[in-house]
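Each chain is listed here by its residues.
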Amino acid sequence: AAALCLSLLSGCGAAPAELPEPEQPENSSAVAYVPLDDRPVNADRVVYLAESLGYRLTMPEEDLYRTRLDGQDTNPNGTAYGDRAGLYAWLQDREAAGCDRYILSLDQLLSGGLVNSRSFPGADVVLRDGTVLTEEAFLAAILDLLADGENEVYLLDTVMRLAPTVGYDGWDLAGYEALRSYGMAARPTLSGDALTVESIAAAYPLGADATPLDPADYGVTEEAVAQYLRCRERKLRLIDEALRLTEGRENVHFLIGVDDSAPTDSVQTNELAYLRQAVAGRGAVLS
């Protein structure tokens, strides 16, 4: 198939034909894009799509957003996940260069990628100049940098899936399946004024009847469950903070994807209800 494509482009042996440059939309500028991670569907294919629509897409160096699985070499920042400080410095450069359109993965900027967001309890961010910021302050700095009225900003985030990633942070298939079954258990259903971040987090360890779930019934340890629930609460609090910080900013839009799901009520159910309500009129929650 590749040979056939090449022969068509080259005129079956004639001098290779030059492909036309995509036309730029009127009044367009480059789009700065921070991807979810380095998989082709989030990187290469997005580049091709942008070019097919006539946009110029700019991205950071791959080492700044690459995910490394167990047994692979670490990134230049010494971790298996993306470089939060490096990405912030790249955004500063793009803003200084006059870029006014941004598509940004919050999982990448705040957690170093989708895979790490599933098992990352959080840590302060040390910027390139040595400044130490809490994650909330780091999020505020990103939004203060980019979310002025001159820019169009699209923030991508996820509802954390039901279990971490096999082959990352020590997780194997058996551990994944056990923790996923724990996550699939129904929790108390919240609505109305009871649907708050605090009440959702408080319901994480409870079954549908509001009694505590026993991790042993699902083949997981209490320590693993505690870590899992910390990561869930962290992600929910950060997207809630992003929504709060951008209230009234009509140039900031949200697309929140559901990362894995269950056909019945699960640990995600209250999160989904809350986020659909919180993002109304400013974006969407998508499968």
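Residues numbered from 1 in each chain as written. Predicted model: local features only at pLDDT ≥ 70, side-chain atom pairs only at ≥ 80, totals over all residues. Heavy atoms only, no water.

**Here we look at the overall build of the protein chain**
Step number 1: Each helix and strand counted, the protein chain has 10 helices and 8 strands in total.
Step number 2: Taken over 287 residues, the protein chain has a buried fraction of 45%.
Step number 3: Of the contacts made within the protein chain by residues no fewer than 6 positions apart, 73% connect residues no fewer than 24 positions apart.
Step number 4: Surface accessibility of the protein chain: about 14300 Å² in total, with carbon and sulfur atoms responsible for 53%. (Helix = DSSP H or I, 4+ residues; strand = E, 2+ residues; numbered from the N terminus. Buried < 20%, exposed > 50% of the residue type's maximum accessible area, 1.4 Å probe, protein only. Contact = heavy atoms within 4.5 Å. Areas by Shrake-Rupley, 256 points an atom, 1.4 Å probe, with all protein chains shown as cover.)

**Quick notes on the pairing of strand β6 (residues 152-159)**
Step number 1: Looking at chain direction, strand β3 (residues 101-105) and β6 are connected through 5 bridges and run parallel. Bridged to serine 105 within β6 is leucine 156.
Step number 2: Across 7 bridges, the pairing between β6 and strand β7 (residues 252-258) is parallel. In the strand pairing of β7, valine 153 is matched with valine 252. (Pairing = 2+ DSSP bridges.)

**With respect to the sheet that holds strand β1 (residues 31-34)**
Step number 1: The strand order β2-β1-β3-β6-β7-β8 describes an open sheet built from 6 strands, whose pairing is parallel. Since the sheet does not close on itself, it has two edges, and those belong to β2 (57-58) and β8 (283-286), each with one partner.

**Describing unusual backbone geometry**
Step number 1: Unlike most non-glycine residues, aspartate 169 shows phi in positive territory, near 60°.
Step number 2: Unlike most non-glycine residues, alanine 210 shows phi in positive territory, near 70°.
Step number 3: Following the sequence through the fold, alanine 210 ends up in the loop between α8 (197-203) and α9 (222-245).

**A few points about the confidence of the model for the protein chain**
Step number 1: Considering every residue of the protein chain, the mean pLDDT works out to 90; 90% of them sit at 70 or more.
Step number 2: For the stretch residues 1-17, pLDDT sits under 50, and the model shows 7 contacts to residues farther than four places along the chain or on other chains. (pLDDT = per-residue confidence, 0-100.)

**Some remarks on the side chain of threonine 79**
Step number 1: By the secondary structure assignment, threonine 79 is in the loop between β2 and α3 (84-96).
Step number 2: With relative accessibility at 18%, the residue threonine 79 sits in the buried group.
Step number 3: Among the polar contacts listed, one links the side chain of threonine 79 to the backbone oxygen of tyrosine 81, at a separation of 2.8 Å. (Polar contact = N/O pair within 3.5 Å; in protein donor to acceptor, adjacent residues only side chain to side chain.)

**Focus: α3**
Step number 1: Taking 1.5 Å of rise per residue, the 13 residues of α3 would be expected to cover 18 Å, and the 18 Å separating its terminal C-alpha atoms lies within 8% of that figure.
Step number 2: On its buried face, α3 sits against β1, β2, β3, α4 (106-111), β4 (125-126) and α6 (135-146).
Step number 3: Of the residues flanking the start of α3, the one acting as N-cap is aspartate 83, its side-chain oxygen 3.2 Å from the backbone nitrogen of alanine 85.
Step number 4: At the exit of α3 stands glycine 98, carrying a positive phi of roughly 95°. (Expected span 1.5 Å × (residues − 1).)

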